[in-house]
Amino acid sequence: MRITRRTLLLGAGAGAVSVLLASCTPDPKPSPSPTPTREPQPQPGIPEPAARLRSTWATDPFAYGAVSFVPVGVLAETRTQLARPVGDRLFFAGEATDPDDPGTMRGAIRSGARAADELADPAEPGERVAVVGAGLAGATAAARLADAGLEVTVFEARDRIGGRVHSITDDAWPMPVQLGAWLFSEPDADLLSRLEGQEIGVIDLAGDQWHGPEGEVEPVDDQPLADAIAAAQAGPVDISLADALVEAGSDPADPSLAALLALLSTTAGADAAELSSWFPPPLPPAAVQGARDSLLPLVEDALDGVRVSLSTAVSRIAHDESGVSIRLGTGEALSFDRVVVSVPLGVLQEQDIEFDPPLPFVNRSAITGLGMGDIETMWLRFDEPFWESEAAVWHTVGADVGIRTWINLRPATGENILVGVVGGEAAADFAALDDTAALEAALQSLAVYAPAD
Ligand SMILES: Cc1cc2nc3c(=O)[nH]c(=O)nc-3n(C[C@H](O)[C@H](O)[C@H](O)COP(=O)(O)OP(=O)(O)OC[C@H]3O[C@@H](n4cnc5c(N)ncnc54)[C@H](O)[C@@H]3O)c2cc1C
């Protein structure tokens, strides 16, 4: 066994800190997806997959959604208000607090570094610090605070670290299944070089294909969307992306535009009718790479040497000028000097953590003002490929299907794996399906890619 700083610290801390005992007590588990009651209906031309796995972030009690977004009428700087520290005791991290790259791994990492620096400023060496949440933001904050000489304990509600980074290694799959973040684009250069350092493989998802019921169609141009945003940004009030398109003379229901907007919702988490045109999400990148291996080492590495208490939901955070009291789901209360709260926006919106005194108005209005969007994914492995396309990314145009965006892993890996990605309201609908209905919806969505007889 490799002796890491983490194992040494856990050994030294065991017995001394009641926190570690808390990790043995049960806490609320994510609710299982609805139980399937029947066999899926076969789809002509599409074989039954040999393995399948799906996400249900929309109903996950430790996320309540996938990524934050700026709804129409809300200022982007609301994110900075969400991040505002309270009384030099409470500090906030997490993708939703990052003004530049929300809804991404790099945004989460940067937010953790920012919150740690804010906390370290007023802190004295040796102070006891709690970090709530062991996703990328919490792990980054914890690592930085431990390096600054503070005594750090991370509380994580799940029985695993990583949060919305969730790589599943399973014998039924030739490569890890990624139910959360796993795609990178050009702005992720720093992150990609960290993956390289940790020998986490990355694949190029090169080439995309736009496909309708009658076969391949012309790629959809995103320039009209960019033009509509530019025009709306000159307007007197914020309007939704959908309204911006209408004002620019486009029809968001047009099959090509609808396909582009469906793609946008797979990264933004929300539909054009909800998204601000003054502060729009970035348009999906042209070139994408994906993780070939588990992303767990990325989070493990950050938490190396830090005491982590798994299955330990925090239910209440009280603070005054002398310090912070953290109450766990078990009812146990522990004292710290300061705390970094890195739970998802959805958890704050659901008020699953009580703050005493209540958070200042500015933080509370940021929590209610920002939106928590939905993205779901479904991984399907087939014994044999039924498709011929060598393109890595498929966009479905003009077919009324549940999942319009598919990633074909065959060209990059040789594996017969298709990954469906769906965002916005369609993702919330998809998450509400039981496993059989979700598989049926996925296979129906693939019907346009089955070979014609
Ligand atoms: C389906 C999907 C696909 C995505 N795809 C990409 C992508 O390809 N590329 C990309 O860059 N980004 C992607 N993202 C976004 C990315 O995953 C997130 O921005 C990032 O992982 C968020 O990190 P975080 O630390 O802010 O939050 P989280 O990872 O959610 O961490 C917060 C932690 O807090 C814990 N927690 C919650 N409540 C409590 C509590 N009461 N007490 C203690 N702990 C608690 C949670 O369990 C969680 O572990 C995707 C997200 C999803 C859901």
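Residues numbered from 1 in each chain as written. Predicted model: local features only at pLDDT ≥ 70, side-chain atom pairs only at ≥ 80, totals over all residues. Heavy atoms only, no water.

(A) Expanded view of the overall build of the protein. Counting secondary structure elements, the protein contains 15 helices and 23 strands. In terms of principal-axis extent, the alpha carbons of the protein reach across some 70 × 60 × 40 Å. Residues counted as buried form 53% of the 453 residues belonging to the protein. In the protein, 75% of the contacts between residues at least 6 apart in sequence involve partners at least 24 apart. A total accessible area of about 19,300 Å² is found for the protein, and carbon and sulfur atoms account for 52% of it. (Helix = DSSP H or I, 4+ residues; strand = E, 2+ residues; numbered from the N terminus. Buried < 20%, exposed > 50% of the residue type's maximum accessible area, 1.4 Å probe, protein only. Contact = heavy atoms within 4.5 Å. Areas by Shrake-Rupley, 256 points an atom, 1.4 Å probe, with all protein chains shown as cover.)

(B) Highlighting the site of the ligand. Surrounding the ligand, one finds 38 residues, the nearest of these being E95, M105, A137, E156 and R164. One of the backbone N or O atoms of L183 is found 2.9 Å from an oxygen atom in the ligand. Between a nitrogen atom of the ligand and a main-chain N or O atom of V314, the distance comes to 2.9 Å. In isolation the ligand exposes 1,000 Å². Once the protein is present, 95% of that is buried. Those elements that provide at least two residues to the shell around the ligand are α4 (105-120) and α5 (136-147). Across the shell around the ligand, the residue classes tally to 24 nonpolar, 10 polar and four charged. (Near = heavy atom within 4 Å. Polar contact = N/O pair within 3.5 Å; in protein donor to acceptor, adjacent residues only side chain to side chain. Nonpolar A, V, L, I, M, F, W, Y, C, P; charged D, E, K, R; others polar.)

(C) Just the nonpolar core, in detail. Residues L303, W379 and L409 are the most contacted members of the largest nonpolar core, which totals 59 residues. Here the element with the most residues in this core is α5; it accounts for seven residues. (Core = buried A, V, L, I, M, F, W, Y, C linked by side-chain atoms within 4.5 Å.)

(D) Expanded view of the packing of aromatic side chains. Scanning the model with the defined rule gives 10 aromatic pairs in all. Between W182 and W379 the ring centres are 5.1 Å apart and the planes differ by 55°, which places this aromatic pair in the tilted class. Pair noted here: W182 is in the loop between β7 (177-178) and β8 (183-184) and W379 is in strand β20 (residues 375-381), with a separation of 197 residues, a long-range link. Judged on exposure class, the residue W182 and its partner W379 are both buried. Look at F386 and W387: their rings are 5.0 Å apart centre to centre, the planes differ by 80°, and that puts the pair in the edge-to-face class. Members of the aromatic cluster, connected to one another through ring pairs, are F382, F386, W387, W394 and Y449. (Phe/Tyr/Trp six-rings, centres within 6.5 Å; stacked < 30°, edge-to-face > 60°.)

(E) View of helix α6 (residues 189-197). Among the residues making up α6, those that are buried are L191, L192 and L195. Each buried residue of α6 sits inside an arc of 100° when the element is viewed along its axis, so together they form one side. Facing away from the buried side of α6 by over 90 degrees, the exposed positions are D190, E196 and G197. The secondary structure elements touched by the buried residues of α6 are α4, β8, β9 (202-205), β12 (288-291) and α10 (296-303). After α6 finishes, the residue E199 shows a positive phi value of roughly 55°. (Arc of directions from axis to C-beta.)

(F) Highlighting the pairing of strand β22 (residues 405-408). Burial along β22 is two-sided: T405 and I407 facing one way and W406 and N408 facing the other are all buried. In this structure, strand β21 (residues 393-396) lies alongside β22, joined through three bridges in antiparallel fashion. Residue pairing in the sheet places V393 in a bridge with I407 of β22. Pairing between β22 and strand β23 (residues 417-423): four bridges, direction antiparallel. Bridge pairing in β23 places N408 opposite L418. (Pairing = 2+ DSSP bridges.)

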